[in-house]
Structures are given as C-alpha cells and as structure tokens.
Amino acid sequence: MKLYDKPAHVLHEMLAKKEISSVELTNDVFSRLDDVEGDVGAYLLTTREDAMKNAEAVDKKVAAGEEIPFLAGIPGAIKDNICTNGVKTTCASKILENFVPPYDATVMTKLKKNNTVVVGKTNLDEFAMGGSTENSAYHVTHNPWNTDCVPGGSSGGSAAAVASGSAIWALGSDTGGSIRQPASFCGVVGMKPTYGRVSRYGLVAYASSLDQIGPIARDVTDCANILNVIAGHDDMDSTSSAAAVPDYTKSLVENVKGLKIGLPKEYFIDGIDEDVEKAIRTAIDDLKNMGAEVVDISLPHTPYAISTYYLIAPAEAATNLERYDGVSYGERVSGIDVVEMMKNTRTQKFGTEVKRRIMIGNYALSAGYYDAYYLKALKVRTLIQKDYTEAFKTVDVIACPTAPTPAYKIGAMINDPLKMYLQDICTVPINLAGLPGISLPCGFSEKGMPIGLQIIGKPLDEETVIRAAFSYESTHSFAGKIANMGGKDA
C-alpha cells in the first residue's frame, strides 16, 4: 500500500487503528526518498537509522495499547537551521559544515515528546538568506513539479520534501516569506505563526526580530495539528509570547459566513503574473460565494516594505553573524595572525549572498549612516504595522497572492539580486508587522506550476486564519497533491 502521499492526519488515524505500522510507513517514505531525491535534492542529510528506531518504538506503544499523540510515528523533515542534538546543523553553509549542536531547539524537544520520526535535515539558502534555495553551499534544490524550476526559499528543501513525498510534514523558518513562498511554489500549505507564538530557541538566528518557525504540510488540518505541538511560551526565548495557546484543530470549521476579508490594492502590483492574479481573484470570489464579505482596503506603506526589510534584516544579520569568526564558531581557515585568520575564514566559508547582506547591514549600521538608513527603516516598519492595525479594525483577515509569480527557472534571477528581492513583495510586510499568515494552493499556471493564496490574520489570531484557509480548502481539490516528478508514480 502506498502511504507517502497521504496527509499526517489520515496516517495518524491509520496508525492508531493498527491498520499500518510506523515502520511500514517510514520504510515507504524512505523508499520514495530514494526514488526522487536524486532529482529534487531536498535534503542535506538523512537520519535513517534513528528514524527506524523511533518508528519501532512507536509501534511498540501502539501494540501495548497506548494512545499516541498526533505526530507519533509520522516521518517529517527539519530545516537545517534548527538545532538538533547530536545531528549536524549546517545552515547550508561551509562555515558550519561540521557543527553538531549539543542541545535541541525547543521545537525539537516538543517533537521528541510527541514521538516523531525525523527523516533528515533539509536544504536551504545559506543562513536562510535567499528566496530560491540556490544559495546553498552544497547543492541547488529543484521544484518537484518541474525540476528545471526553483522550489522557492529559504525553506525550499522542506517544501520540496513534502511536495515530492519524501516527507509527510516539515518544519521551516520564515524571516521574510521563507515558509509561505516555497509552499506556494511547491503546491503545499505553509504557515508563519505570529512572531513569538513559537519559540526561536535553537533556531540559528538570521534576523532576530523577524525570524519565526512554522509548519509545512499537505493540508491545513496538518498545519493546525503541528502548530498545536510546537506553539507556546518558552522561558529560553525572551521574545516568545506568554499568551495561552488554543487548540487550533477547533478552527478546522468550514464556515466563512459573515467573515470580512480585506483585499489590499497594493498587492495586485504592476508586473504580477496574469495566472497568479486570475487564480487569486477566483479564490476570493469563491470565498465570497461561500458567505464571506470582501472589503477593498489599502495598506499604503506596502511599497516601502522591501526597502525597509532589506535594511533591517541585513543589519540584524550582520550582528548575528559576527560570532562566525573561526574562534567562537565556525570552521577555521588559518592565517599568519588572528586578523588574517578571521578574514580568510569569512572570505572562504561564507557564500556570496551572505557576504552581500553582511556588507549591506554593516553599512546601514555604520557611523554617519545609522540615522539615515537603519533608524529610518525602523520608523517605516512602525508605519507598516499601523497600516495593518487600521485595516484590521474593519476586516477579520486579509487575502492576497503569496508570490507575484509561480516558480521560475533555476538561474533566472540568481545574478540579479534586486529582481529576486522584489519576489518578496507579498510576504515581507507580514514579517515586519509580526502577523500570522498562511499560504495554501489555489490553482495552477498554464505551465502547470502551483499558485498560492495567502491569508493574513491579526496578531495571535491564527484561529481565524486557519478557519478561512480550511473553509477554502474544503471546497477545492488543490491541496494534498503530490508532484508527479516527471513520470515517477505519485
């Protein structure tokens, strides 16, 4: 029986009813991985031996009549910037190619308490800096729907693993769209929770005021269940929210009657792909026909979001990456003295995009430019936050594209960083405002590439976001599809 193409909630029921075993399921996922990984390149490493041991342990619990939690025995994947005790965590960078964390990230601790089976660590843009997973120091990840195309980034490996069937679910991180944009490109569901809803302890920092861990899965139901596992306050993360965490599965209700959905004109920009705009407007019309009220709104400072983000994020990155000097952290490249050693280490071990962002960040923070760039960016960030605050006085959620285009060809933008940065226009404002957002499939382009609908909510109101997304998904058949992989049986 083929199992890798089923969502986690279906597999959980099958495990609980003893219709399948976790060993059987895990073997099936690894068999699929062996078939497709050569074409996709979703992983940086796999943990097959540990996965099988954990699967066997879950089967023993089931056989003993124990009740198992939602993710128990279900194979998933972890983005390789999330620390895993005893397992390499490289951030897809040569400077951390041999780094083995001596502790688990908080999300990993929670997953282990739920008896999860981890398939491996997934590829990403180096230190999560990129939107295509072409900036990995190890290899490019390919989109399972068309391996000539990018999977998005920076969580491209996680999204590609779920879309290709080499993982049932995955964790990613989202600093400027790094969960939602790959989810859109790969035809899966990805959610960025409210900033602080999920602990960042053990997430290797890129931009600390923007980073957030979240789930990537086959459907909204799986996202809600995974969020139940990983959300909550953590004393190890001073920015984590102390707000009570609801049961997100109670929001899996097919009902948008009376829900006010904001439609921001600034997200339907010049240059948006025709297929994307058509799919999004059709999805919004469908929600309206289901009983939602669509309200035209304006988020006037959206055009400044890219410039603001690409000052704040690199500034924080420049500070966070100071520790990688060959002394405190990182692979060391020798030199005649400590200064040359640090220079050689960073020159040889950091990739081009990471160096670019460090230089932008240091320039923005430098004496004489701090007020003109970084401080001004912080002020604009406040204005962007106020736009959303005003909008949410009249609407419950906001709907818009996740990305302005479907997945593009590998190499198409790698030498034009500004063009690639503009791909983030629909996602970075939500990070700047700290809001929850989800991307779910809402159609395909004429070339057969997935298109994502983004639904944005009020702070700590993941429940309404999930309800709106689930209601749409329940009346459509876009979610849960596994990519054909060029003829490989899906």
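Note that the coordinates shown come from a computational prediction; the quantities given were computed from them, not determined experimentally.

Caption draft 1: A look at the environment of Ile414. Summarising the element assignment, Ile414 is placed in the loop between strand E9 (397-401) and helix H13 (417-421). Sequence spacing of Ile414 and Gly131 is 283 residues, and the spatial spacing of their C-alpha atoms is 9.7 Å. Once residues lying within four places of it in the same chain are set aside, the contact partners of Ile414 are Glu134, Asn135 and Met420.

Caption draft 2: Seen up close, the packing of helix H7 (residues 220-230) against helix H15 (residues 462-474). In the contact formed by H7 and H15, the axes pass within 9 Å of each other and the chain directions differ by 160°. The orientation of H7 relative to H15 falls into the category roughly antiparallel. Note on element contacts: H15 touches H7 through Glu462, Ile466, Ala469, Phe470 and Glu473, opposite Val220, Thr221, Ala224 and Leu227.

Caption draft 3: Main features of the environment of Asp174. Position of Asp174 among the secondary structure elements: in the loop between strand E4 (169-173) and helix H6 (180-186). For the pair Asp174 and Ala128, spaced 46 residues apart in sequence, the C-alpha separation works out to 8.5 Å. Aside from chain neighbours lying at most four places away, what touches Asp174 is Ile179, Arg180, Lys192, Leu210, Asp211, Gln212 and Asn431. A polar side-chain atom of Asp174 sits 2.9 Å from a polar atom in the side chain of Arg180.

Caption draft 4: Quick look at the packing of helix H2 (residues 22-40) against helix H3 (residues 48-63). At a minimum axis separation of 8 Å, H2 and H3 run at an interaxial angle of 155°. Regarding the angle of H2 to H3, the classification is roughly antiparallel. Facing H2, whose interface residues are Ser22, Val23, Thr26, Asn27, Phe30 and Asp34, H3 presents Arg48, Ala51, Met52, Ala55, Glu56, Val58 and Asp59. In the contact of H2 with H3, the residues fall into six nonpolar, three polar and four charged.

Caption draft 5: Inspection of the pairing of E4 at higher detail. Within E4, five of the five residues are buried, which leaves the element mostly enclosed by the surrounding structure. Side chains Trp169, Leu171 and Ser173 project from E4 onto one buried face, and the interleaved Ala170 and Gly172 project onto a second face that is buried too. As defined by bridge partners, strand E2 (residues 75-79) adjoins E4 across three bridges and the pair is classed as parallel. Of the residues in E4, the one forming a bridge with Gly76 is Trp169.

Caption draft 6: Summary view of the packing of aromatic side chains. Under the criterion given, the structure shown has 14 aromatic pairs. With a centroid separation of 5.4 Å and 40° between ring planes, the pair formed by Tyr103 and Tyr201 is classed as tilted. Of the two residues, Tyr103 is situated in the loop between E2 and helix H4 (106-113) and Tyr201 in the loop between strand E5 (189-192) and strand E6 (213-217); the sequence distance between them amounts to 98 residues. On the basis of relative accessibility, which here comes to 26%, the residue Tyr201 falls in the partly exposed class. With centroids separated by 5.8 Å and ring planes inclined at 55°, the aromatic side chains of Tyr363 and Tyr373 adopt a geometry described as tilted. Here Tyr363, found in helix H11 (residues 352-365), pairs with Tyr373, found in helix H12 (residues 371-391); they are ten residues apart in sequence, far enough to count as distant. On the basis of relative accessibility, which here comes to 41%, the residue Tyr363 falls in the partly exposed class. Put simply, the rings of Phe99, Phe127, Tyr324, Tyr329 and Phe350 pair up and form one aromatic cluster. Directly above the aromatic system of Phe268 lies the positively charged group of Arg281, at a separation of 4.1 Å from the ring centroid.

Caption draft 7: Focus on the sheet that holds E9. Across the sheet, which stays open at both edges, the eleven strands sit in the order E1-E3-E2-E4-E6-E5-E10-E11-E9-E7-E8 with mixed pairing between neighbours. Each edge of the sheet is formed by a strand with only one pairing partner; in this case those strands are strand E1 (43-46) and strand E8 (293-297). Ignoring which end each strand starts from, the neighbouring axes of this sheet average 30° apart. Relative to E6, E5 runs antiparallel, the two sharing two bridges. In the sheet register, Gly190 faces E6, and the bridge partner there is Ile216.

Caption draft 8: Main features of the state of the cysteines. According to the stated counting rule, one finds zero disulfides in the structure shown. Sulfur of Cys149: no disulfide; nearest cysteine sulfur belongs to Cys186 and is 10 Å away. On the accessibility criterion, Cys149 (5% relative accessible area) is buried. Free cysteine: Cys442, not disulfide-bonded; nearest cysteine sulfur from Cys400 at 11 Å.

Caption draft 9: Region of the structure containing unusual backbone geometry. Across the junction of Gly153 and Ser154, the peptide omega takes the value 10°, indicating a cis bond. Even without glycine at this site, Lys18 takes up a positive phi of about 65°. Its place among the elements puts Lys18 in the loop between helix H1 (8-16) and H2. Judged by its relative accessible area of 53%, Lys18 falls in the exposed class. Of note in the backbone geometry, Phe127 takes a positive phi value of approximately 55° without being a glycine. Within the element layout of this structure, Phe127 appears in the loop between strand E3 (117-122) and helix H5 (156-164). Look at Phe127 and you get buried, because its relative accessible area is 2%.

Caption draft 10: Focus on a nonpolar patch on the surface. On the surface, a nonpolar cluster with roughly 270 Å² of combined accessible area is contributed by Val327, Val338 and Val339. Checked against the element boundaries, Val327 lands in the loop between helix H9 (305-320) and helix H10 (338-349).

Caption draft 11: Representation of the pairing of E2. Counting buried residues along E2, five of its five residues qualify, which places the element largely inside the surrounding structure. The two faces of E2 match: Pro75, Ala77 and Lys79 on one face and Gly76 and Ile78 on the other face are all buried. In this structure, E2 lies alongside E3, joined through five bridges in parallel fashion. Each bridged residue has a counterpart across the sheet, and for Ala77 the counterpart in E3 is Gly120.

The rules behind each value
- The residue numbering used here restarts from 1 in each chain and proceeds along that chain's sequence as written.
- Note on the predicted model: pLDDT of at least 70 is required for a residue's local features to be given, and 80 or more for side-chain atom pairs to be given and counted; whole-chain, interface and lining totals, by contrast, use all residues.
- Excluded from the side-chain calculation are hydrogens and water; included are all heavy atoms of the structure.
- Helix and strand labels come from DSSP, where a helix needs a run of H or I of at least four residues and a strand needs a run of E of at least two; each type is numbered from the N terminus.
- Note on contacts: a residue pair qualifies if any of its non-hydrogen atoms lie within 4.5 Å across the two residues.
- A fitted line through C-alpha atoms represents every axis, and for helices the fit uses only the stretch in contact; the resulting angles, taken between N-to-C directions, go from 0 to 180 degrees.
- Put simply, angles under 35 degrees are roughly parallel, angles over 145 are roughly antiparallel, angles from 65 to 115 are roughly perpendicular, and the rest are oblique.
- Throughout this description, a polar contact denotes any pair of N or O atoms lying within 3.5 Å of each other; where both atoms belong to protein, one of them has to be capable of donating a hydrogen while the other can accept it, and for residues adjacent in sequence the pair is counted only when both atoms sit in side chains.
- Only Asp, Glu, Lys and Arg are considered charged in this grouping, and only Ala, Val, Leu, Ile, Met, Phe, Trp, Tyr, Cys and Pro are considered nonpolar; every other residue, Gly among them, is considered polar.
- Relative accessibility thresholds used throughout: buried, under 20% of the residue-type maximum; exposed, over 50%; partly exposed, between the two (1.4 Å probe, protein chains only).
- Note: two strands are recorded as paired if DSSP finds a minimum of 2 bridges between them.
- Any two of the Phe, Tyr and Trp rings considered here, Trp counted by its six-membered ring, make a pair once their centres fall within 6.5 Å; the pair's planes then place it as stacked at under 30 degrees, edge-to-face at over 60, or tilted in between.
- A ring has a charge above it when a Lys NZ or an Arg CZ is no more than 6 Å from the ring centre and no more than 35 degrees off the ring normal.
- Two cysteine sulfurs form what is called a disulfide whenever their separation falls within 2.5 Å.
- Two joining distances apply to patches: 9 Å for like charges and 5 Å for nonpolar side chains (Val, Leu, Ile, Met, Phe, Trp, Tyr), and every residue must have over 30% relative accessible area and no salt bridge.
- Only the protein chains shown count as cover for residues, and all accessible areas are computed by the Shrake-Rupley method using a 1.4 Å probe.
- For salt bridges, the criterion is a side-chain nitrogen of Lys or Arg within 4 Å of an Asp or Glu carboxyl oxygen.

Function cannot be inferred from these measures alone, as they are strictly geometric.
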